[in-house]
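One letter stands for each residue in the lines below.
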Amino acid sequence: LVLSGCSGTSVDTQQRTSQIDSALERAAYSAASRGEDESSLALLERVYKRNSDDATAALKYAAALRRFDYLNRASMVLRPFASASNATTEIKNEYAAIQLAQGNYATAEEFAQQSIVIDSENYQAFHYLGIALDAQGMHEEAERAFRKGLDYWEGDPTTIMNNLALNLATQGHVTEARTILEKALSVAPDRVELQRNLRIISTLEETSAPPAKVPKVVPTRKPQN
C-alpha cells in the first residue's frame with residue numbers, strides 16, 4: 001500500500017509538471033503570435049530550465065535565442081543534444097543554422113551533412129549545407145546542394161531561390177541568376193532583398209561587370225519553411 005501510494009504520487013507529480021510545461025509553451029506561442037517576442041523567449045527559457053535534459057525544450061529555446069541573436073547561448077544550449085547519437089534532423093538543422101549565424105561554416109557543413117545522412121530528402125539541411133559550402137568558396141558544390149534542396153522543398157521556396165541565384169551569379173552565370181530572381185519575385189513581389197539582388201544582378205548583366213560584386217549568400221536569422 002505504501003509503495004502503491006508512492007507510485008501514484010510520482011505519476012501525479014509528473015502529470016502536474018507536464019501540465020505546467022504545456023501551459024508555459026502555449027503561453028510562449030501565444031505571446032509570439034501577439035508580437036511579444038521577449039515574453040515568448042522568457043517563457044521558453046522557463047520551460048527549458050525546468051527540463052534541461054529534454055531535447056525538445058532545448059530545441060525550442062535555442063531556436064528562439066537564435067532569432068534574438070543570442071548565438072553563443074543558443075549554441076551552448078543545443079550542442080550536447082546535436083552531438084548525441086540519437087539527435088534528430090530538426091536538432092541538427094537548428095544547430096547548423098546557429099553555426100552559420102556565428103560564421104562557423106565548417107561546423108555548419110558537418111551538422112548539415114549529418115542531418116542529410118539521417119534524412120536524404122531534408123531540404124532545410126541541403127539549404128544550410130549550400131550556404132556553408134558557398135561561404136567556404138566551394139561554389140559548385142554549394143550549387144548542387146541548393147538544387148538538391150529545391151528538389152525536395154516544401155512551402156515558400158524564395159529564400160533558397162535567392163541564395164541559388166547569388167551563388168550562380170558568383171560563378172558568372174548572371175543571366176540564369178536573373179531569371180531565378182524574377183521567378184522568385186513573381187511569388188513574393190514584396191520581398192525587399194529579392195528586389196535589391198535583382199537590381200544588382202541585372203546591372204551586372206547589362207554592364208558585364210565582374211561577378212565579385214555579387215552579395216554573399218548569407219543565412220537568415222529566422223527559420224524559413
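Scroll up to find the structure.
Let us look at the structure shown here. (Residues numbered from 1 in each chain as written. Predicted model: local features only at pLDDT ≥ 70, side-chain atom pairs only at ≥ 80, totals over all residues. Heavy atoms only, no water.)

**A short note on helix 9 (residues 158–170)**
Over its 13 residues, helix 9 runs 18 Å from end to end, which matches the ideal 18 Å to within 8%, given 1.5 Å per residue. With 12 of 13 residues buried, helix 9 lies mostly within the body of the structure. Taken residue by residue, helix 9 has Thr 158, Thr 159, Ile 160, Met 161, Asn 162, Asn 163, Leu 164, Ala 165, Leu 166, Asn 167, Leu 168 and Ala 169 as its buried positions. Positive phi appears at Gly 172, one or two residues downstream of helix 9, with a value of about 95 degrees. (Helix = DSSP H or I, 4+ residues; strand = E, 2+ residues; numbered from the N terminus. Expected span 1.5 Å × (residues − 1). Buried < 20%, exposed > 50% of the residue type's maximum accessible area, 1.4 Å probe, protein only.)

**Quick look at the pattern of salt bridges**
Summed over the entire model, instances satisfying the criterion amount to seven salt bridges. Between Lys 49 and Glu 45 there is a salt bridge, with the nearest N and O atoms lying 3.2 Å from each other. One end of the pair is Lys 49 and the other is Glu 45, both in helix 2 (residues 37–50) and four residues apart, which spans about a single turn. On the accessibility criterion, Lys 49 (56% relative accessible area) is exposed. (Salt bridge = Lys/Arg side-chain N within 4 Å of Asp/Glu carboxyl O.)

**A look at the packing of helix 7 (residues 123–135) against helix 9**
The interhelical angle for the contact between helix 7 and helix 9, taken along N-to-C directions, is 25 degrees, at an axis separation of 11 Å. Considered as vectors, helix 7 and helix 9 are oriented roughly parallel to each other. Crossing angle aside, the handedness with which helix 7 passes helix 9 is left-handed. Along its contact with helix 7, which presents His 127, Ile 131 and Asp 134, the element helix 9 presents Thr 159, Ile 160, Asn 163 and Asn 167. (Axes fitted to C-alpha atoms, helices over the stretch in contact; angles between N-to-C directions. Parallel < 35°, antiparallel > 145°, perpendicular 65-115°, else oblique. Left-handed = near helix turned anticlockwise from the far one by under 90°. Contact = heavy atoms within 4.5 Å.)

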